[in-house]
Amino acid sequence: MKDWLLQLQKVSKIFGGIHALSEVSCTVPRGEIVGIIGPNGAGKTTLFNVITGAYLADSGNVLLDDQFVTNWAPYRIVRSGIARTFQNIRLFPSMTVWEHLLVAQQHSGSIFRRLLPTAWADPAACERAEEVLDFFDLTAVRDREARSLPYGIQRRVEMARAVTMKPKLLLLDEPVAGMNQEEAENIRQLMLRLRETGLAILLIEHDMNFVMNLCSYLYVLDFGILIAEGSPTEVRNNPVVLDAYLGQDADA
Amino acid sequence: MSTYYAGLFADAGILLLGALSVYIILATGQLSLGNAGFMGIGAYITSYLTVMVGIPLTPALIIAAIISGIIGVIVGFPALRLKGIYLAIATLGFAEMVRSFLLNFDTMGGSGGFHGMKHVTVGYIWIWSGGILLLVMILERSRIWLEMRAVHDDETAAGLVGLNTVAIKIGAFGFGSAIAAIAGGLFAHHHVYIEPGNFGFERSVDFVLAVILGGSTAAPGALVGSILLVFLPEMLRSLADWRMAGFGALLVIVLLVRRQGILDRALLRRLTFSKAAS
Ligand SMILES: Nc1ncnc2c1ncn2[C@@H]1O[C@H](COP(=O)(O)OP(=O)(O)OP(=O)(O)O)[C@@H](O)[C@H]1O
Ligand SMILES: [Mg+2]
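Residues numbered from 1 in each chain as written. Chains lettered and ligands numbered in written order. Predicted model: local features only at pLDDT ≥ 70, side-chain atom pairs only at ≥ 80, totals over all residues. Heavy atoms only, no water.

A. Region of interest: the overall build of chain A. Secondary structure summary: chain A contains 11 helices and 10 strands in total. Rg of the C-alpha trace for chain A: 18 Å, near the compact-globule value of 18 Å for 252 residues, within the 12% margin. Over its C-alpha atoms, taken along the principal directions, chain A stretches across nearly 60 × 40 × 40 Å. The buried share among the 252 residues of chain A stands at 55%. (Helix = DSSP H or I, 4+ residues; strand = E, 2+ residues; numbered from the N terminus. Rg over C-alpha atoms; globule rule 2.2 N^0.38 Å. Buried < 20%, exposed > 50% of the residue type's maximum accessible area, 1.4 Å probe, protein only.)

B. Just the sheet that holds strand β4 (residues 59–64) of chain A, in detail. Residue and element names in this part refer to chain A. Pairing in this open sheet of four strands is antiparallel, and the strands run β2-β1-β4-β5 from one edge to the other. In this open sheet, the two strands that pair with only one neighbour each are β2 (18–29) and β5 (67–68). Sheet topology places β4 next to β5; two bridges connect them, and they run antiparallel. When the sheet's bridge partners are listed, L63 is paired in β5 with F68. In this fold helix α1 (residues 44–51) packs onto β1 (4–15), β2 and β4, with an angle of close to 115° to the strand it touches most, β1. (Pairing = 2+ DSSP bridges. Contact = heavy atoms within 4.5 Å. Axes fitted to C-alpha atoms, helices over the stretch in contact; angles between N-to-C directions.)

C. The coordination of the magnesium ion (ligand 2), seen in detail. All names here are of chain A. For the magnesium ion (ligand 2), every protein donor is listed as T45 (OG1) and Q87 (OE1), and the spread of their distances is 1.9 to 2.1 Å. In this pair, T45 is assigned in helix α1 and Q87 in the loop between β6 (82–84) and α3 (97–103), connecting sequence segments 42 residues apart. Classification of Q87 as partly exposed rests on a relative accessible area of 31%. (Donors = N, O, S within 2.8 Å, 3.2 Å for Na, K, Ca; no water.)

D. Region of interest: the interface of chain A and chain B. Taken together, the contact between chain A and chain B spans 33 residues of the former and 23 residues of the latter. Regarding the contact of chain A and chain B, the summed buried area is about 2500 Å², with carbon and sulfur atoms giving 59% of it. Three residues stand out in chain A for area buried against chain B, namely R90(A), F92(A) and R114(A), and they jointly supply 22% of the buried area on that side. Summed over the shared surface of chain A and chain B, the result is four salt bridges. Between E99(A) and R149(B) there is a salt bridge; the shortest N-O distance is 3.1 Å. At the boundary of chain A and chain B, one finds 12 residue pairs in polar contact (both at pLDDT 80 or more). Counting residues per element, the ones that place at least two in the side of chain A that touches chain B are α2 (74–79), α3 and α4 (111–115) of chain A. Here the residues of the side of chain A that touches chain B sort into 18 nonpolar, six polar and nine charged. (Buried area = accessible area lost by both parts, 1.4 Å probe. Salt bridge = Lys/Arg side-chain N within 4 Å of Asp/Glu carboxyl O. Polar contact = N/O pair within 3.5 Å; in protein donor to acceptor, adjacent residues only side chain to side chain. Nonpolar A, V, L, I, M, F, W, Y, C, P; charged D, E, K, R; others polar.)

E. Examining the environment of I62(B) more closely. Secondary-structure assignment places I62(B) in helix α3 (residues 57–79). For I62(B) and A181(B), which are 119 residues apart along the polypeptide, the C-alpha to C-alpha distance reads 9.0 Å.

F. A look at the environment of T27(A). Residue and element names in this part refer to chain A. Checked against the element boundaries, T27 lands in strand β2. In this structure, the C-alpha to C-alpha distance between T27 and L63, residues 36 residues apart in sequence, is 9.4 Å. Beyond its immediate sequence surroundings of up to four residues, T27 is in contact with W4, L6, Q7, V34 and Y219.

G. Just the site of ligand 1, in detail. Residues and elements named next belong to chain A. Residues in contact with ligand 1 amount to 14 residues; listed here are only the nearest, G41, K44, T45, T46 and Q87. A distance of 3.1 Å separates an oxygen atom of ligand 1 from a polar backbone atom of A42. Between ligand 1 and the protein, one listed contact pairs an oxygen atom with a side-chain N or O atom of Q87 at 2.7 Å. A total of 630 Å² of accessible area belongs to ligand 1 in isolation, and the protein chains cover 66% of it. Here the shell around ligand 1 gets three residues from one element, more than from any other, and that element is α1. Residue classes in the shell around ligand 1 are distributed as five nonpolar, seven polar and two charged. (Near = heavy atom within 4 Å. Areas by Shrake-Rupley, 256 points an atom, 1.4 Å probe, with all protein chains shown as cover.)

H. Summary view of helix α2 (residues 35–53) of chain B. All names here are of chain B. In this model, α2 (19 residues) spans 26 Å end to end at C-alpha, consistent with the 27 Å of a helix rising 1.5 Å per residue. Across the 19 residues of α2, 14 count as buried, placing the element largely inside the fold. Once α2 ends, the next one or two residues include G54, with phi positive near 85°. (Expected span 1.5 Å × (residues − 1).)

This is the structure we're talking about:
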């Protein structure tokens, strides 16, 4: 049996009459990159929101490391090891890049470490922030406020903030949306290097080609239903997927 | 120092504490228009303790701060459901509740007011004001403060990066209330007479005004705002009857030129050189 990090068991979410998710089951193994693809409105972001506790699941279960985390408060889920980024970047506009990396480490250490000046009370947190700053190549913008940064860098800051929390699983919601080729490749390389550190990634993406040579496994959502899954090649050649996804999204 | 100026400095010190109490709550994105209520609670508890129970002022202030802090936490919970203008109005309602309770609270003089406190010097007041200002400035360099700012900037995102937003907002409310209570205790022992009318809506507005004017993104802003708010009307005495109009005009001008208030983080960084040229 495989070593599952994240397991979703028949998760459903209904908004009014819309079945945004219908009994979706999927798994993410430790240390791998798994992709979720599907057309607009398929329920991909909703799935992330349920996993992270932003939305309450109407039924089904979410397990992290064989522990039920279904419908926990968001901060408890984060602390148990799931960090995420957002489809529409959500940084803290008035805070600097450096401050983003510190604030995300709130659950490391005692209350005194949190109350005293971080620079001398918690050198470990600063070291971690420095490390992540370096990893994401953000040292040059260390003291810039988030709102003053270009879009591509904001995306990287958001990823960096998630990574500072030392999660076991990273959820990325369309991390390269709106990026040019070069920026997207940059993010791809970062993801591969993150995987090497042992981090598992669940990735939402529109662009089929981008996930093809990145993910070890793909799930395809359409109207809240899991219509296909498998290796990227299997999924690419699955007629159901071609019908539902590629045909419809040919212009993207 | 003449008694006249000493009185003004005492007022500024007390206003600074009130402004800081608003500043801390505002740092999490919550606007409280009810801090005069907590100030009133502090004034009455402290006076009760020193006059009726007979304990020294310093421990009395600390006890009052703790009690007011707890009340702040209790008030903070229902306030969690409210945002922006609705929260401001709810806190205003709370302060009015406190005021009308005090009006009918005959043990402490009711509408007739209460006296018998021993006068404290401006120096003693500023030990508290300066000390708490310093404390807040140290706190501003801590992670808890970053957590508060994160809640201020985007509460949902803050929750989703692992912050316990409820605890942070309630905690800020409690801390702010405790500081307002100290302002009240000092006020009572400086003026040696209190009545419920001392803790009305205008005083809550003064606190907010000092923060907005001085700058709401750095604690020293509250200091600048408090000093200006107390001394500026004095300097405009030559305008006689037009004094308050002149003062109001100045306020409007400052806020038009510097919407973020006189001090902000960027300006403060430049002033203190805390960062080497970036
Ligand atoms: N908070 C909400 N209230 C009501 N309906 C919602 C809510 N969030 C999502 N939905 C609905 O659920 C469905 C799935 O939306 P979701 O955002 O998960 O899609 P998606 O796959 O992420 O799409 P996209 O590729 O455009 O980001 C849509 O029909 C959407 O309108
Ligand atoms: Mg989406």
